[in-house]
Structure formats: structure tokens, C-alpha cells
Amino acid sequence: MISFVVAMSKHRVIGFHNRLPWHLPEDLKYFKQLTTGHTVIMGRKTYESIGKPLPNRKNVILTRDKAYRQAGCTVLHALADGRTLWEEQDVFVIGGAEIFQLFFPIADQLYITYIDHDFAGDTFFPAFSTEEWQLTESAKGIKNEKNPYDYYFQTYARKGM
């Protein structure tokens, strides 16, 4: 199964200058809970914004750069190179925008933390239709001084699965 894990704000903003435009510790905790023990797939820019392999996960970087290498990570250069990964196990695609776009036609599930706030952004999550995706779960996140925005943990499943 291919699942996306993404935090996005109004207007589908997911990044600004290769960083998250917000800090929500509860979302980071949720991300860790979902992905620990699994394979995470990300683009080179996402990996470089994180700066190191995520612990207790198999880290896969998808890049067109044939010379790109990172210790502790598997590097793939085309979607087809990793097909056995997601055919044999659950994987979590964690960004960025180009990687989400590439995987969208074969994704099964979306874990979206929707932040009900306007942020400046230069990177956006692809638009998706409720004709293809059904909201199966939604829970309001805890708002406090460390998590200052209204946000919702939402799960979508591809219809017809």
C-alpha cells in the first residue's frame, strides 16, 4: 500500500524555501507514529531539508541525479526502480510536491494534517478530487501555546479500493 503523509495549510501550501512554514509538535508526533518501522520515500530536496535519515525507518530518496548518494539511505532514480518496495510492503511517501505528483496515480491512502491557516508558500500539494478520494477519518488536533493553529488529522482512501 502506498500512503502519503503530508501537512498542508489553506491553499494546499506544504513548504516555503524548502522548509515547513509552521511548527506543530503534535503533527511531528503523529508523523513519527505513522512512519516509524516503515519505509519512507522522499525526493532529494525533502531529504536535504530534513538533513539526515529518519531513525527507525528505511529511507528511500528518489532523484534524477545518477551520482547522488547518501549514507543510510537507498537512492532510486526512477519510479519503476522501486516498484517491488511498494508491491511487497506498506510505504509512506513524505514529499515533496514533485514526488507526490509522481506517486498520485498509484497512491492508496492520504494522511493529511490540514492546518486551517494562511501561510506564505512556494510548494503545494497536488489538487485532488473528492470524486476519487473519500474522507474516512477526521480528528481535530490539540490547540495550545506549542500548537497555535487549528488543525485536523484527516485520512482519505481512494474510492473503489
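Parameters at a glance
- Residues numbered from 1 in each chain as written.
- Predicted model: local features only at pLDDT ≥ 70, side-chain atom pairs only at ≥ 80, totals over all residues.
- Heavy atoms only, no water.
- UniProt positions renumbered as here; feature names shortened; annotations may be inferred.
- Buried < 20%, exposed > 50% of the residue type's maximum accessible area, 1.4 Å probe, protein only.
- Helix = DSSP H or I, 4+ residues; strand = E, 2+ residues; numbered from the N terminus.
- Pairing = 2+ DSSP bridges.
- 1 Å grid on protein atoms, 1.4 Å probe; cavity = no way out; pocket = protein on both sides within 12 Å on 5 of 7 lines; lining within 4 Å.
- Points joined across faces, edges and corners; volume = space filled by probe spheres on them.
- Nonpolar A, V, L, I, M, F, W, Y, C, P; charged D, E, K, R; others polar.
- Contact = heavy atoms within 4.5 Å.
- Arc of directions from axis to C-beta.

In the nomenclature of an unreviewed UniProt entry, the protein corresponds to Dihydrofolate reductase from the organism Fodinisporobacter ferrooxydans. Note on the protein: under the UniProt heading Pathway (unreviewed entry), the record states "Cofactor biosynthesis; tetrahydrofolate biosynthesis; 5,6,7,8-tetrahydrofolate from 7,8-dihydrofolate: step 1/1." Taken directly from UniProt, the Sequence similarities (unreviewed entry) text for the protein runs: "Belongs to the dihydrofolate reductase family."

A few words on the pairing of strand S10 (residues 151–158). In terms of burial, S10 is a largely internal element, six of the eight residues being buried. Bridge count between strand S7 (residues 109–115) and S10: seven bridges; the pairing is antiparallel. In the strand pairing of S10, Tyr111 is matched with Thr155. In the sheet, strand S9 (residues 133–140) pairs with S10 via seven bridges, with the strands oriented antiparallel. The residue of S10 that forms the bridge with Leu135 is Tyr156.

Next up on the list: the layout of surface pockets. Volume-wise, the largest pocket comes out at about 1200 Å³. Taken together, 41 residues make up the lining of the largest pocket; nearest its centre are Thr46, Ser49, Ile94, Gly95 and Gly96. Those elements that place two or more of their residues in the lining of the largest pocket are strand S1 (2–9), strand S2 (13–15), helix H1 (25–35), helix H2 (44–50), strand S6 (91–95), helix H4 (97–103) and S7. For the lining of the largest pocket, a count of residues per class yields 19 nonpolar, 12 polar and 10 charged.

One can find Thr155 in strand S10. Each residue touching Thr155, except ones within four places of it in the same chain, is listed here: Tyr30, Gln109, Leu110, Tyr111, Gln134, Leu135, Thr136 and Glu137.

Three or more residues of H1 are buried, namely Asp27, Tyr30, Phe31, Leu34 and Thr35. Down the axis, H1 shows its buried residues gathered within 115° of arc, on one side only. Among the exposed residues of H1, those oriented more than 90 degrees off its buried face are Lys29 and Gln33. Gly37 sits one or two positions beyond H1 and adopts a positive phi of about 85°.

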